[in-house]
Each structure stands twice: as structure tokens, then as C-alpha cells.
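Structural overview
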Amino acid sequence: MPAPERVPPGPVTTAPAEPAPAGSVTALLTGGELTVRGRIAEASNAVLHCTVVHQGRTAACVYKPVAGEQPLWDFPDGTLAQREVAAYEVCAALGWELIPPTVLREGPYGPGMVQLWIDQADEEPGEPAGPGGAPEAGENASGPVPVGHLLALADAERPAPEGWRAIGLAEVPGGGTALLVHADDARLRRLAVLDAVINNSDRKGGHLLTSADGRLHGIDHGVTFHTEDKLRTLLWGWAGEPLPEEAVAALGRLAAALGEDAPLTTRLAALLTPAEVAALRDRVAALLASGTHPVPGGEWPAIPWPPV
Ligand SMILES: Nc1ncnc2c1ncn2[C@@H]1O[C@H](COP(=O)(O)OP(=O)(O)O)[C@@H](O)[C@H]1O
Ligand SMILES: [Mg+2]
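In this report, the structure presented in the accompanying data block is examined. (Residues numbered from 1 in each chain as written. Chains lettered and ligands numbered in written order. Predicted model: local features only at pLDDT ≥ 70, side-chain atom pairs only at ≥ 80, totals over all residues. Heavy atoms only, no water.)

Some thoughts on the packing of helix α5 (residues 245–257) against helix α7 (residues 274–290)
The N-to-C vectors of α5 and α7 enclose an angle of 145°; their axes lie 10 Å apart at closest approach. Handedness of the crossing formed by α5 with α7: left-handed. On α7, the residues touching Val248, Leu251, Gly252, Leu254 and Ala255 of α5 are Val284, Leu287 and Leu288. Looking at the contact of α5 with α7 residue by residue, the classes come out as 7 nonpolar, 1 polar and no charged. (Axes fitted to C-alpha atoms, helices over the stretch in contact; angles between N-to-C directions. Helix = DSSP H or I, 4+ residues; strand = E, 2+ residues; numbered from the N terminus. Left-handed = near helix turned anticlockwise from the far one by under 90°. Contact = heavy atoms within 4.5 Å. Nonpolar A, V, L, I, M, F, W, Y, C, P; charged D, E, K, R; others polar.)

As C-alpha cells, this is what we get:
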């Protein structure tokens, strides 16, 4: 059996193929002095809340050192930070600002990924209300019951209510079954396309942050770009439906950016294996050829658990 392909180890990939434009957020994240402020307790990998200071500018960020990554059975060890950066690069090439700026760099605990911190707004400005207005938690007769951000539980006997999209049936604590739904939201729809492109195997509700300006940000893209189909997401609400025109245009931009010797291709070659870059190209081509959102591979949609 041939030896498995290895992603280049972290330290040799921390020099970007092209310098970040001066004054950009990525220049701040890459060149700034990184100070660890605390550790996020509930994370599965080491996730450190930091500040970064560069030429008088300061930003909050997360730093996930490669050394703090938990080994996984299906992804090679020590590669999650590179995958997070590759996800950001691909998202930027789609022309969508859905992933906070993310870079690979040295830090106090060795090489890792550093990503701009997003303050989650208290309220979700774009949250569609169920019939009869936004329901209170615990309500079950007149509308979907919110479960976390942009997700809700609705009546299992009926189609998804207006403003929501069906994910699948879920057992609810205390017995019974409900229809798990996500918001019918253009920002989430872009994220669904992005996840299909990067083959995201862990898109849960807790990975969706909305900032006070109403923008949606996806985080946690360490388990992406596998060569096998591993799409595991909540965002199945558009499965099989035609892609919106803006998504087709974005996929066309990405396909062009993934040409031989193109700058993005060079940067991705330092982050992913050749087989993973080839699989990425194939997924983009397949989405453009079908013109539709992907459908779940199995009988049941593959959703991460717990979903929030
Ligand atoms: N860019 C970010 N902005 C704000 N909070 C973040 C960011 N990245 C991570 N977090 C916080 O840290 C938690 C753990 O991060 P996550 O990426 O899920 O780590 P893990 O790799 O362990 O799954 C998240 O649930 C979120 O609360
Ligand atoms: Mg996580």
C-alpha cells in the first residue's frame, strides 16, 4: 500500500506565499505581538483567547496551537490549523466574508492558527419569527421553539413553517419528536454552499456567530477538505434545490482562482495535500455541473451531534 500523503508540517508553512497587504487585518494577525489572555474551557482542542498588537493597532483573536490539537481517527495529526486557514482562503476566493480572517503563524505555544475574534451579538437581528411572532422557549403550539442560534424545533407533523427550513426529525428531551429547522436565511445559504465546497464535517449551531452589525460568521473549520465525502452539517434545508445565481457566480470565481499556478493554488499547496486540492477542484466542478445544493449521501441527513 502506498504511504499516505502528508500535509507539510506546520513550521515550514508559516511563511505566507505572498506578504499580506500592509494595514490589512491579516497583516495585523500575522505580524502582531500575540498575548494569551485565557483558555476557552469548553473547546475540544486548545483554544486560546488572545490579543494581538501591531503598529498601534490591537485586535482580539483566537490562537489554536497545533500542539494543542486532539488527535482524530480520520484526519492526519497536526493538520487542523492548516485546514482552518485553507477554509478562510477558499471562502475569500468565493468573494464571501463568512469566515473571520485566519492566518498560520508562530505563537507562544508554537505554530498554530490565529483568527480574528467575533463578539457574538446578544440578539440575532435577521432571525425570522415563526408564525405569530418570535416564540418563547417552551412554547410549542403556535411556532418553532428556538434552540440556540438560527435553529428551532417545530411541529413534527407539519412541513417547516414559513421562514424556516427542515433539517430532520429529532427526539426531544422528555420524549416526543420534533422537526429540527434552521432559518431560511441568505447568509446561511451561502454557508451551506461553502460547507459543500470545503467538505465541512462539523457545522453545528455553536459555530455560527452574528456580530452586532448583523453579519454572520462561521467558525471552527479544522475538520474540512478530506478527500472522502464527509459533509456533516445542519444546513440541509436547501438540499437538491437549484443554487442561487450568486452562488453559481461565486463558484465560477473560485474555479478560476484554482487554476494551475494561480496564487490561491500555491497557497493551498502549502496547507493541503495535492489529493485534497484535487478533491476540492472536483467538488467545485460537481456543484457547477449539477447546479444544485448537495443532497445527503445516506438515508438520513448527516448532522453533527449535539447540533448546537
Ligand atoms: N473567531 C472566534 N470568535 C469568537 N469566538 C470564537 C472564535 N473561535 C472560537 N471561538 C469560541 O471558542 C469556542 C471553541 O472554538 P472551536 O473553534 O469550536 O474549537 P474546537 O477546535 O476545539 O472545536 C467556540 O465555541 C467559540 O465560543
Ligand atoms: Mg468546536
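Some points on the side chain of threonine 265
On the secondary structure map, threonine 265 appears in helix α6 (residues 263–269). At 3.3 Å, the side chain of threonine 265 and the backbone oxygen of leucine 258 are in polar contact. Leaving out residues up to four positions away in the same chain, threonine 265 has contacts with Ala257, Leu258, Gly259 and Arg281. (Polar contact = N/O pair within 3.5 Å; in protein donor to acceptor, adjacent residues only side chain to side chain.)

Quick notes on the nonpolar core
Judged by nonpolar contacts, the single largest core of 58 residues is most densely connected at Leu188, Val197, Leu254 and Leu268. Breaking this core down by element, the ones donating at least two residues are α3 (80–94), β7 (151–155), β8 (164–171), β9 (177–183), α4 (186–198), α5, α6 and α7. With 9 residues, the top contributor of residues to this core is α3. Both domains that meet at this core, namely domain 1 (25–116) and domain 2 (186–290), each give it at least three residues. Leucine 188 has contacts with Leu150, His182, Ala183, Leu208, Leu216, Leu235 and Trp238, leaving out every residue within four places of it along the chain. (Core = buried A, V, L, I, M, F, W, Y, C linked by side-chain atoms within 4.5 Å. Buried < 20%, exposed > 50% of the residue type's maximum accessible area, 1.4 Å probe, protein only. Domains from an automatic or database assignment.)

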